[in-house]
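Observations on chain architecture
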Amino acid sequence: MRALTRKLWRDLWQMRGPALAIMMVVAAGVAVFVASRSTLDSLELTRASCYDEYRFAHVFARVTRAPESIGRRAAELPGVVQVQTRVVTDVTLALDGVAEPLTGRLISIPERRGPMLNDLHLREGRYIEPGRDDEVLLSEAFAEKRRLRPGAEVEVVVNGRKRRLHVVGLALSPEYVYQISGSSPWPDDERFAVMWMGSEALRAALDMRGAFNDLTLTLSHGASEGDVIAALDRMLAPYGGLSAHGRDRQISDQFVSDEFRQLRSSGNIVPSLFLAVAAFLMNVVVSRVISTQRTQIATLKAFGYSNWAIGQHYLEMALVLVLAGAAVGVGVGLWLGGGMTQLYAAYYRFPALRLRITAGTAALGVVISVAAATIGVAFAVMRAARLPPAEAMRPEAPASYKPTLVERLGLGRLMSPAARMILRNVSRRPLRALLAASGVALAVAIVVVGRFTENAGQYMADLQFRLVQGEDAAVFFYQAVPRAAAAELASVPGVLRVEPLRAAPVTLRVGHREHRTAIVGLTAGSAGPAGHAPGPPAGAGGSAGPAGHAPRSTTPDALLHRTVDRHGAFVPIPDEGLVLGAYLARKLGVRPGDVVTVEVLEGRRPVREVPVAALIDDLVGASATMSLDALNRLLGEGDSISGAYLAVDRLGEEAVYEQLKRTPLVAGVSTTRAALESFDKIMGENLGRMRTMQLIFSSIIAFAVVYNKARIALAERSRELASLRVLGFTRAEVSLILLGELAVTTLAGIPLGMGLGYCFAWGLCQAYEDTEMFRFPLIIYPSTYAYAALVVLVSAAFSALVVRRRIDQLDLVSVLKTRD
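My aim in this report is to walk through the structure given alongside it, one point at a time. (Residues numbered from 1 in each chain as written. Predicted model: local features only at pLDDT ≥ 70, side-chain atom pairs only at ≥ 80, totals over all residues. Heavy atoms only, no water.)

**Digging into the nonpolar core**
By size, the foremost hydrophobic cluster in this structure holds 123 residues, and its most contacted members are Met282 and Tyr314. Among all residues touching Met282, those that are not within four sequence positions of it are Ile22, Ala318, Leu321, Val322, Ala373 and Val377. Within the second largest apolar cluster, 28 residues are counted, among which are Val87, Val91, Met195 and Leu206. (Core = buried A, V, L, I, M, F, W, Y, C linked by side-chain atoms within 4.5 Å. Buried < 20%, exposed > 50% of the residue type's maximum accessible area, 1.4 Å probe, protein only. Contact = heavy atoms within 4.5 Å.)

Encoded structure:
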């Protein structure tokens, strides 16, 4: 073994405490990186395999009613490989012993099982039997929540008639990996069921023999999706086509893709924080080793070792630490990645979970950590390599001491000797103090960023369910009906208030830009007094949210469903013109006063030029809103509605919902309370695991930073502290001098970390601004800052206790004999 190699291992053993702390930080950073990347790789592989194996369609289209011959014509379009026509309808669903309203979606499938688009994976039970009109397959997610098994029965209202259906199997579909109805931005497996029924039976129930209302198709490799969609839209327009779209607009895939983007962003930001801390610690430790080994460096050079050999020696020291930490991090990261993948699998219903653990992911994590360590020690290593032997034989020049600013102001006499020593030691090396505070700041920032997503979710729930959705229930009809239907709903005993709505599918165009969405017509309202923040209307549901964190609103109590921006400010609906969400406005490139071409995709399919009256900076979806009267004039079909928002008496809500289930026109009912419960449940199940990981990783950083700072300070000042002990200072007083410096840098790093955490949270928000499904608000509650400070202070206190034991164990005789 080379002499320098033996020296390397001796040095590492002597500095094993700081070295272990560095290895823990590197391991944590690499673990987060590998876990995020391996989870993302596994989920993307699982999705690709699922889509390929079960023939997930490339293009989707809805029509009002079209003959089967149109499906055969669609199959002849250039680039189309396979076409499948089907019938899809939403129904009200009832289960024995369940009073709350449930919604189901019936989808036709071939009577005899064979290859088909959006094929099903049968989890349990059997396929439907040909000729049976009362058998269905049920989505596994709903079945699990409601504890249903093959053999159970469900009651649905199809085309105004009650049907009792037998569940013969539980199934999964690539079309509903993320099971969401589309009428709500939140999934609700307990109240939304997907059911697959024999094609002939469902067509007969809907009086659609020889016709279809839904079409899916796959494309050949290299085919132009845009050209196929354009041709398909022209073909389906006479039959009420609602504009075809690709996978990127399919709601399940859209949610999954947005989640993947979030995982990719967080997988880059958090590891960078850890590796920045590791680089800082590496610089501090290696610089300290070099400063204490000046004589050894001079001796080595005198014996003929080159500058390159000296620099390589200290670089190898850093690489040993980082490679050891990275090896542990890769192992932990792979374990965490498997657990995170299983966690996601509980929400994304894939038939089979495929784990992808590539050598490239582990190697990339190691390379990044090595690069961070090299950057961290580069300056110190170059300083060691360039150190002249003659200069290295002399001790370093003593630090320059001078009165601090506080002392020059005459305030020094108010301070104790120990306090003045602490202040002088911090001020004489401001760069080192700043770096130590920066390390603490990174630990605080990690906790702030981790809890920011929780804060943002709580705020979004409070905004959505308290201010926007003031209604108890939303009722949707199968088709547009006269406005008189709202009066019929109001006559139901227990209904306190009804506000009608009209939703119309449209394509909005501005020049070459276009976006398919739905314009929602609401009852126009006016703003109330500024600063008024009401709760839900009397009898209406909603959540008050965390105390003291409710968004402000100037909405009058009269409205149930309100247009509210991300800050809780009410945006009144004008009598004319569109109110566009900020996301949609950015996509179309419009501002208030600009004109948008509105192409209606139902009924007479009118095309109108509509001015943009206002923009609303909302958080969910790509919203387009008009007054109900203005939308009806645009549609040109009289005073019609497609649904209504209800305020319901809590004492009579079961009777109301039972009445709505029996109403033939009602296609579905969703309740605000149910949506809130679903949201809270999803948040609650995830937060426990995330909080634990955040606590562990942030504690590692805080402990490592403070512990290394304390150990280096103790090594540098052990002679000084021993001298103070000889002069009569007690152990507590000596500890106070050393640990007081740590307290100063820790307390200085906490507010810096809060600001840094805020900046990183802002970066995450910007990454989400271009996602249609939802955007994160930049909301960080005071409790988050307090929690982050507490975590870091506790970790710092623990590391201080470890160092305090070493101070108490100082051997005064041997320390005082040590040569400077």
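**Description of the packing of aromatic side chains**
Any two aromatic rings considered together are summarised by their centre-to-centre distance and by the angle between their planes. Using the criterion set out here, one finds five aromatic pairs in the structure. A centroid spacing of 5.5 Å and a plane angle of 55° characterise the contact between Tyr178 and Tyr348, whose relative ring orientation is tilted. Of the two residues, Tyr178 is situated in the loop between strand 8 (161-172) and strand 9 (192-198) and Tyr348 in the loop between helix 9 (307-345) and helix 10 (359-386); the sequence distance between them amounts to 170 residues. No difference in accessibility class separates Tyr178 from Tyr348, as the two residues are buried. Between Phe452 and Phe776, the ring centres sit 5.9 Å apart and the planes meet at 80°, which makes this aromatic pair edge-to-face. Here the residue Phe452 occupies a position in helix 14 (residues 430-468), and Phe776 occupies one in the loop between helix 20 (731-768) and helix 21 (782-808), the gap between them amounting to 324 residues. Here the two residues Phe452 and Phe776 agree in accessibility, since each one is buried. Among the aromatic residues, those joined into a cluster by ring pairs are Tyr51, Phe56 and Phe60. The residue whose ring lies beneath Arg451 is Tyr787, and the NZ or CZ to ring-centre distance is 4.2 Å. (Phe/Tyr/Trp six-rings, centres within 6.5 Å; stacked < 30°, edge-to-face > 60°. Helix = DSSP H or I, 4+ residues; strand = E, 2+ residues; numbered from the N terminus. Lys NZ or Arg CZ within 6 Å of the ring centre and 35° of its normal.)

**A short note on a nonpolar patch on the surface**
On the surface, a nonpolar cluster with roughly 320 Å² of combined accessible area is contributed by Val328, Val332 and Trp335. Position of Val328 among the secondary structure elements: in helix 9. (Patch = residues over 30% accessible without salt bridge, like charges linked within 9 Å, V, L, I, M, F, W, Y side chains within 5 Å. Areas by Shrake-Rupley, 256 points an atom, 1.4 Å probe, with all protein chains shown as cover. Salt bridge = Lys/Arg side-chain N within 4 Å of Asp/Glu carboxyl O.)

**Points about the pattern of salt bridges**
It is possible for side chains of opposite charge to pair when their charged atoms get near one another. Tallied over the entire structure, the rule returns 35 salt bridges. Between Lys162 and Glu155 there is a salt bridge, with the nearest N and O atoms lying 3.7 Å from each other. Among the salt bridges present, the one from Glu499 reaches Arg497, with a minimum N-O distance of 2.9 Å. Taken together, the salt bridges that share partners define one network made up of Asp96, Glu153, Glu155, Lys162 and Arg164.

**Some thoughts on the pairing of strand 15 (residues 578-581)**
Judged by which residues are buried, strand 15 turns out to be covered on both faces: Leu578 and Leu580 on one side and Val579 and Gly581 on the other are all buried. Here four bridges tie strand 15 to strand 17 (residues 607-616), and the two strands are oriented parallel to one another. If you follow Gly581 over to strand 17, its bridge partner there is Ile616. Across two bridges, strand 15 lies against strand 18 (residues 624-627) in antiparallel orientation. Directly across from Leu580, in strand 18, lies its bridge partner Ala624. (Pairing = 2+ DSSP bridges.)

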